[in-house]
Amino acid sequence: MTEQQSAKLLPSLFARIDEEQRITVLHIGPALPETVTFFSRYRCKLHFVDVFDELPIVPEEEGGESALAFFRRLFNFPAGTRFDICLFWDLFNFLDAQAVEACMSSLRPWLIEGSQGHGFAVHNTRTPQRDEIFSICEPDQLAVRTRHRRLAGYSPHPQSHLKTMLSVFQFDRSVLLADSRLELLLSVRFLSSA
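Here's what I pulled together on the structure shown here. These figures come from a predicted structure and were not determined experimentally. (Residues numbered from 1 in each chain as written. Predicted model: local features only at pLDDT ≥ 70, side-chain atom pairs only at ≥ 80, totals over all residues. Heavy atoms only, no water.)

Describing the sheet that holds strand E7 (residues 141-146)
With antiparallel pairing, three strands are arranged side by side in an open sheet as E1-E7-E6. Looking at the sheet topology across the chains shown, the edges are occupied by strand E1 (2-6) and strand E6 (132-138). Each neighbouring strand pair of the sheet contributes to a mean axis angle of 30 degrees, computed without reference to strand direction. Where E6 and E7 come together, six bridges link them in antiparallel fashion. When the bridges of E7 are listed, Glu132 appears paired with Thr146. (Pairing = 2+ DSSP bridges. Helix = DSSP H or I, 4+ residues; strand = E, 2+ residues; numbered from the N terminus. Axes fitted to C-alpha atoms, helices over the stretch in contact; angles between N-to-C directions.)

In structure tokens, the structure reads:
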């Protein structure tokens with residue numbers, strides 16, 4: 001079943017984008033029809049990477065790969081790809097600190113000055129897990145579905161810790177939603193050549 005949910009900060013991502021401007025978008029999650037239809041009004045290239053479908057990250061000592069290798073494998077984009085917008089949704093609630101940092105490190109080469117991000121975190125780390133899949137209907141309207149399986153590894157981070165872990169992004173704004181979640185608007189920090 002699909003429900004509608006309003007987005008308070010998401011419209012800010014699109015406010016600066018002219019419909020004729022070419023943009024590149026990273027969408028963490030499955031390609032859903034609402035999102036594809038929404039972005040069809042823009043001149044854009046969409047990259048869908050369903051990190052959620054690959055979770056949990058199996059540790060190396062259990063025959064898996066490092067978090068860094070995991071994200072480098074998933075973020076293997078064509079040369080020259082640079083993202084204007086990154087839609088993380090609630091990804092960071094399902095990654096431990098090391099995995100969040102590996103995600104940022106792997107994403108950094110694909111970002112540019114002016115890249116923006118959007119996602120959800122929790123206001124209180126005791127907030128119960130919500131298994132939702134998000135897609136965009138309108139800049140201020142999301143379609144929300146229940147996941148077909150419960151994700152393992154739910155470990156939300158306090159906002160202050162998340163600010164540190166999202167090393168390539170800074171928090172521009174956060175809004176507390178009625179269900180104790182935080183909606184986050186992010187922008188890339190200055191990217192030095194180092």
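A look at the pattern of salt bridges
Applying the stated criterion across every chain, the model contains ten salt bridges. Two residues, Glu54 and Arg73, come together in a salt bridge whose shortest N-O distance is 3.4 Å. One end of the pair, Glu54, is in helix H3 (residues 51-54); the other, Arg73, is in helix H4 (residues 67-74), with 19 residues separating them in the sequence. The class of Arg73 is partly exposed, set by a relative accessible area of 40%. For Arg73, the salt bridge identified is with Glu65, shortest N-O distance 2.6 Å. Where salt bridges share partners, they join Arg130, Glu132, Asp179 and Arg181 into one cluster. (Salt bridge = Lys/Arg side-chain N within 4 Å of Asp/Glu carboxyl O. Buried < 20%, exposed > 50% of the residue type's maximum accessible area, 1.4 Å probe, protein only.)

A word on helix H5 (residues 97-107)
Buried within H5 we find Ala99, Val100, Ala102, Cys103, Met104, Ser106 and Leu107. Looking at the buried residues of H5, the elements they touch are strand E2 (22-28), H4, strand E4 (83-89), strand E5 (111-122), helix H6 (159-165) and strand E8 (169-176). Of the residues flanking the start of H5, the one acting as N-cap is Asp96, its side-chain oxygen 3.2 Å from the backbone nitrogen of Gln98. (Contact = heavy atoms within 4.5 Å. Polar contact = N/O pair within 3.5 Å; in protein donor to acceptor, adjacent residues only side chain to side chain.)

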